[in-house]
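Here are the chains, one letter per residue:
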Amino acid sequence: MTGDEWRSMIFALPQKMACDLSEWTWTQRKKIGGPYKIFTAFNISILMNGSNKPNTMPKCSRCSKMYAIRDIKKDEEILYDYDVYPTLWDEVGLSASSNNFPVI
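Residues numbered from 1 in each chain as written. Predicted model: local features only at pLDDT ≥ 70, side-chain atom pairs only at ≥ 80, totals over all residues. Heavy atoms only, no water.

Asker: For this particular structure, what's the right way to read the overall build of the protein chain?
Answerer: Looking only at helices and strands, the protein chain features two helices and six strands. Along the chain direction, N to C, the helices and strands of the protein chain fall in the order α-α-β-β-β-β-β-β. Every one of the 104 residues in the protein chain was classed for burial, and the buried ones make up 29%. Put simply, of all contacts in the protein chain between residues at least 6 apart along the chain, 51% involve residues at least 24 apart. When the accessible surface of the protein chain is split by element, carbon and sulfur atoms take 54% of a total near 7,300 Å². (Helix = DSSP H or I, 4+ residues; strand = E, 2+ residues; numbered from the N terminus. Buried < 20%, exposed > 50% of the residue type's maximum accessible area, 1.4 Å probe, protein only. Contact = heavy atoms within 4.5 Å. Areas by Shrake-Rupley, 256 points an atom, 1.4 Å probe, with all protein chains shown as cover.)

Take a look at the structure:
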(Lines give C-alpha, C1' and ligand atoms only; values in the text may rest on other atoms or scores of the structure.)
Protein backbone atom coordinates (compact mmCIF):
# COMPACT_ATOMS: atom_id res chain seq x y z
CA MET A 1 0.00 0.00 0.00
CA THR A 2 1.37 3.42 -0.90
CA GLY A 3 1.04 6.55 1.21
CA ASP A 4 -1.60 7.93 -1.18
CA GLU A 5 -3.61 4.68 -1.06
CA TRP A 6 -3.49 4.64 2.74
CA ARG A 7 -4.52 8.30 2.93
CA SER A 8 -7.51 7.66 0.62
CA MET A 9 -8.59 4.65 2.66
CA ILE A 10 -8.32 6.52 5.99
CA PHE A 11 -10.33 9.53 4.79
CA ALA A 12 -13.07 7.23 3.43
CA LEU A 13 -13.70 5.75 6.91
CA PRO A 14 -15.82 7.09 9.78
CA GLN A 15 -13.62 9.11 12.16
CA LYS A 16 -13.59 6.58 15.04
CA MET A 17 -12.67 3.73 12.69
CA ALA A 18 -10.00 5.88 11.01
CA CYS A 19 -8.42 6.67 14.39
CA ASP A 20 -8.34 2.98 15.36
CA LEU A 21 -6.89 1.97 12.01
CA SER A 22 -4.20 4.65 12.31
CA GLU A 23 -3.13 3.12 15.63
CA TRP A 24 -2.78 -0.33 13.99
CA THR A 25 -0.60 0.88 11.10
CA TRP A 26 3.18 0.87 10.77
CA THR A 27 5.91 0.91 8.12
CA GLN A 28 8.12 -2.08 7.48
CA ARG A 29 10.59 -3.48 4.97
CA LYS A 30 9.88 -7.00 3.71
CA LYS A 31 13.36 -7.45 2.20
CA ILE A 32 16.76 -6.25 3.37
CA GLY A 33 17.34 -2.90 1.70
CA GLY A 34 13.88 -3.02 0.11
CA PRO A 35 11.42 -0.14 0.14
CA TYR A 36 9.32 0.61 3.19
CA LYS A 37 5.65 -0.36 2.84
CA ILE A 38 2.61 0.47 4.94
CA PHE A 39 1.14 -2.41 6.95
CA THR A 40 -2.14 -2.52 8.82
CA ALA A 41 -3.33 -5.28 11.15
CA PHE A 42 -6.84 -6.49 10.36
CA ASN A 43 -6.53 -9.68 12.38
CA ILE A 44 -6.22 -10.96 15.95
CA SER A 45 -2.73 -9.45 16.29
CA ILE A 46 -4.29 -6.06 17.02
CA LEU A 47 -5.35 -7.48 20.38
CA MET A 48 -1.75 -8.08 21.49
CA ASN A 49 -0.51 -5.41 23.86
CA GLY A 50 2.88 -3.79 23.71
CA SER A 51 5.51 -4.25 26.38
CA ASN A 52 9.19 -3.62 26.96
CA LYS A 53 9.20 -7.19 28.37
CA PRO A 54 7.53 -9.09 25.50
CA ASN A 55 6.91 -12.82 25.37
CA THR A 56 6.56 -12.88 21.57
CA MET A 57 8.59 -11.33 18.77
CA PRO A 58 8.95 -11.75 15.02
CA LYS A 59 12.08 -13.57 13.83
CA CYS A 60 13.27 -10.31 12.21
CA SER A 61 12.07 -6.76 11.57
CA ARG A 62 10.88 -7.84 8.08
CA CYS A 63 8.80 -10.78 9.37
CA SER A 64 5.13 -10.57 10.31
CA LYS A 65 4.63 -13.91 12.11
CA MET A 66 5.06 -13.75 15.87
CA TYR A 67 6.85 -16.47 17.84
CA ALA A 68 7.06 -17.12 21.57
CA ILE A 69 10.46 -16.14 22.90
CA ARG A 70 9.84 -17.99 26.16
CA ASP A 71 7.21 -20.33 27.57
CA ILE A 72 3.86 -18.55 27.95
CA LYS A 73 1.77 -19.65 30.90
CA LYS A 74 -1.92 -20.42 30.68
CA ASP A 75 -3.98 -17.18 30.95
CA GLU A 76 -0.83 -15.04 30.57
CA GLU A 77 -1.24 -11.99 28.35
CA ILE A 78 0.49 -12.23 24.96
CA LEU A 79 2.80 -9.24 24.56
CA TYR A 80 5.20 -7.92 21.95
CA ASP A 81 7.44 -4.90 21.52
CA TYR A 82 5.69 -2.37 19.25
CA ASP A 83 9.06 -0.75 18.50
CA VAL A 84 10.30 -3.82 16.61
CA TYR A 85 8.73 -2.20 13.52
CA PRO A 86 9.97 1.35 12.97
CA THR A 87 7.30 3.71 11.70
CA LEU A 88 9.04 5.83 9.10
CA TRP A 89 6.22 7.83 7.53
CA ASP A 90 8.65 9.86 5.37
CA GLU A 91 9.67 6.65 3.60
CA VAL A 92 6.12 6.12 2.28
CA GLY A 93 5.28 9.73 1.45
CA LEU A 94 3.46 10.56 4.70
CA SER A 95 5.59 13.01 6.64
CA ALA A 96 4.36 14.00 10.10
CA SER A 97 6.18 17.32 9.63
CA SER A 98 4.37 18.19 6.39
CA ASN A 99 0.80 18.58 5.21
CA ASN A 100 0.85 15.04 3.79
CA PHE A 101 -0.01 13.30 7.06
CA PRO A 102 -3.75 13.06 7.81
CA VAL A 103 -5.00 14.81 10.90
CA ILE A 104 -8.03 12.95 12.23
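Asker: What exactly am I supposed to notice about unusual backbone geometry here?
Answerer: For residues that are not glycine, phi is negative in most cases, and the peptide bond is trans in most cases. Of note in the backbone geometry, Asp75 takes a positive phi value of approximately 70 degrees without being a glycine. The topology assignment puts Asp75 in the loop between β5 (66-68) and β6 (79-80). We classify Asp75 as exposed; its relative accessible area is 76%.

Asker: Would you take a moment to explain helix α1 (residues 3-11) for this structure?
Answerer: Each α-helix winds once per 3.6 residues, and so residues spaced three or four apart point in a common direction. Along α1, the residues that are buried comprise Gly3, Trp6, Arg7 and Ile10. In an axial view of α1, the angular spread of the buried residues amounts to 100 degrees, which keeps them on one side of the axis. Turned more than 90 degrees from where α1 packs its buried face, Asp4 and Ser8 sit exposed. Buried positions along α1 lie against α2 (15-23), β1 (25-29) and β2 (36-40). (Arc of directions from axis to C-beta.)

Asker: How should I be thinking about the packing of aromatic side chains in this particular structure?
Answerer: Two aromatic rings are characterised by how far apart their centres lie and by the angle between their planes. Counted according to the given criterion, the structure contains zero aromatic pairs. Over the face of the ring belonging to Tyr67 we find Lys59, whose NZ or CZ atom lies 4.6 Å from the ring centre. (Phe/Tyr/Trp six-rings, centres within 6.5 Å; stacked < 30°, edge-to-face > 60°. Lys NZ or Arg CZ within 6 Å of the ring centre and 35° of its normal.)

Asker: What's the story with the nonpolar core in this structure? I'm lost.
Answerer: Most often, soluble globular proteins have nonpolar side chains that are buried together. If you look at the biggest cluster of nonpolar residues, it comprises nine residues: Trp6, Ile10, Ala18, Leu21, Tyr36, Ile38, Trp89, Val92 and Leu94. Elements supplying a minimum of two residues to this core: α1, α2 and β2. When neighbours within four sequence positions are excluded, Tyr36 is seen to be in contact with Thr27, Gln28, Arg29, Pro86, Leu88, Glu91 and Val92. (Core = buried A, V, L, I, M, F, W, Y, C linked by side-chain atoms within 4.5 Å.)

Asker: Just to check I follow, could you spell out the pattern of salt bridges for this structure?
Answerer: If charged atoms from side chains of opposite charge come close, those side chains can pair. Inspection of the entire model under this criterion finds two salt bridges. Among the salt bridges present, the one from Asp4 reaches Arg7, with a minimum N-O distance of 2.5 Å. Residue Asp4 and its partner Arg7 are both found in helix α1; the two are separated by three residues, about one turn of the helix. Residue classification places Arg7 among the buried positions, given a relative accessible area of 18%. Across the pair Arg70 and Glu76 runs a salt bridge whose closest N-O atoms are separated by 2.5 Å. (Salt bridge = Lys/Arg side-chain N within 4 Å of Asp/Glu carboxyl O.)

Asker: I would appreciate a short explanation of the pairing of β1 in the present structure.
Answerer: Two faces, one strand: in a regular strand the side chains alternate between the faces of the sheet. Of all five residues making up β1, four are buried, and the element is well covered by its neighbours. As defined by bridge partners, β1 adjoins β2 across five bridges and the pair is classed as antiparallel. Across the sheet, residue Gln28 finds its bridge partner in β2, namely Lys37. In this structure, the hairpin formed by β1 and β2 is closed by a connection of six residues, where Gly33 is found at a positive phi of approximately 75 degrees. (Pairing = 2+ DSSP bridges.)

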